[in-house]
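Structural characterization, general
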Amino acid sequence: MAWLLVVPVLYVGALPLVNRVEPLVFGLPFLAVWLFGATLLTPLAVWLAARGDPVWRSGGAGPAATGNAPEPGGGGADRPDVPEDLR
């Protein structure tokens, strides 16, 4: 999961270092090129983090794909104030 820390570092942590117009890269300010590169590297960081997930490595489906994910808010099955069609 440490790979997910790459995303905020690229976007926020490095801004004081890259927030400048010069040098121009392909006619664009350096900051614009940096943000474009960070956008391209974000899926790679997420993929690397997913590779460390034991469920992903085993090829199994996660709880959301199998229908075993807990319902948000407890589901409302035991709450009389929740209408029947929303349970």
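Residues numbered from 1 in each chain as written. Predicted model: local features only at pLDDT ≥ 70, side-chain atom pairs only at ≥ 80, totals over all residues. Heavy atoms only, no water.

**Let's talk about the overall build of the chain**
For the record, the criterion: The numbering of helices and of strands both runs from the N terminus, where a helix is a DSSP run of H or I of at least 4 residues and a strand a run of E of at least 2. Whether two residues touch is decided by their heavy atoms; if any such pair falls within 4.5 Å, the residues are in contact. Using the Shrake-Rupley algorithm and a 1.4 Å probe, accessible areas are obtained, with residue cover drawn only from the displayed protein chains.
A tally of helices and strands in the chain yields five helices and zero strands. Taken from the N to the C terminus, the helices and strands of the chain come in the order α-α-α-α-α. Pairs at least 24 residues apart make up 40% of the contacts formed inside the chain by residues separated by at least 6 positions. For the chain, the exposed area adds up to about 6,700 Å²; of that, 69% sits on carbon and sulfur atoms.

**Comments concerning a nonpolar patch on the surface**
Worth spelling out the cut-off: Patch definition: residues above 30% relative accessible area lacking any salt bridge, with like charges linked at up to 9 Å and the nonpolar side chains Val, Leu, Ile, Met, Phe, Trp and Tyr linked at up to 5 Å. Salt bridge, as applied in this entry: a Lys or Arg side-chain nitrogen positioned within 4 Å of an Asp or Glu carboxyl oxygen.
On the surface, Leu41, Leu44 and Trp47 cluster together into a nonpolar patch covering about 290 Å² of accessible area. Relative to the helices and strands, Trp47 is located in helix H3 (residues 30-51).

**Thoughts on the packing of aromatic side chains**
Definition in use: Only the six-membered ring of Trp is used, alongside the rings of Phe and Tyr, when aromatic pairs are assigned; centres must lie within 6.5 Å, and planes under 30 degrees apart are stacked while those over 60 apart are edge-to-face, with the rest tilted.
For the structure shown, the criterion picks out one aromatic pair. Seen in terms of ring centroids, Phe30 and Trp34 are 6.3 Å apart; in terms of plane orientation they differ by 40 degrees. Their pairing is tilted. Of this pair, Phe30 and Trp34 are both found in helix H3, four residues apart, which corresponds to roughly one turn of the helix.

**Topic: the packing of helix H1 (residues 6-13) against H3**
Threshold: For every element, the axis is a line fit to its C-alpha atoms; helices are fit only across the contacting stretch, and the angle between N-to-C directions ranges from 0 to 180 degrees. When describing relative orientation, an angle under 35 degrees is termed roughly parallel and one over 145 degrees roughly antiparallel, while 65 to 115 degrees is termed roughly perpendicular and anything else oblique. Under the convention adopted here, Pro, Cys and the residues Ala, Val, Leu, Ile, Met, Phe, Trp and Tyr are nonpolar, Asp, Glu, Lys and Arg are charged, and Gly plus all remaining residues are polar.
In the contact formed by H1 and H3, the axes pass within 9 Å of each other and the chain directions differ by 170 degrees. When the axes of H1 and H3 are compared, the pair comes out roughly antiparallel. Judged by residue contacts, Val6, Val7, Leu10 and Tyr11 of H1 engage Trp34, Leu35, Ala38, Thr39, Leu41, Thr42 and Ala45 from H3. When grouped by side-chain class, the residues that make up the contact of H1 with H3 number nine nonpolar, two polar and no charged.

**Notes on the confidence of the model for the chain**
Stated precisely, the cut-off is as follows: Values of pLDDT, ranging from 0 to 100, describe the predictor's confidence in every residue of the model.
Here the chain shows a mean pLDDT of 74. Residues at 70 or above account for 64%. Mean pLDDT across the elements of the chain bottoms out in helix H5 (residues 63-66) (56) and peaks in H3 (85).

**So, the environment of Thr42**
Using the following cut-off: We define a polar contact as two N or O atoms separated by no more than 3.5 Å, with the added condition that, inside protein, one atom must be a possible hydrogen donor and the other a possible acceptor, whereas residues neighbouring each other in sequence contribute only through side-chain atom pairs.
Along the polypeptide, Thr42 turns up in helix H3. Setting aside chain neighbours within four positions, we find Thr42 in contact with Val7 and Tyr11. A polar atom in the side chain of Thr42 sits 2.8 Å from the backbone oxygen of Ala38.

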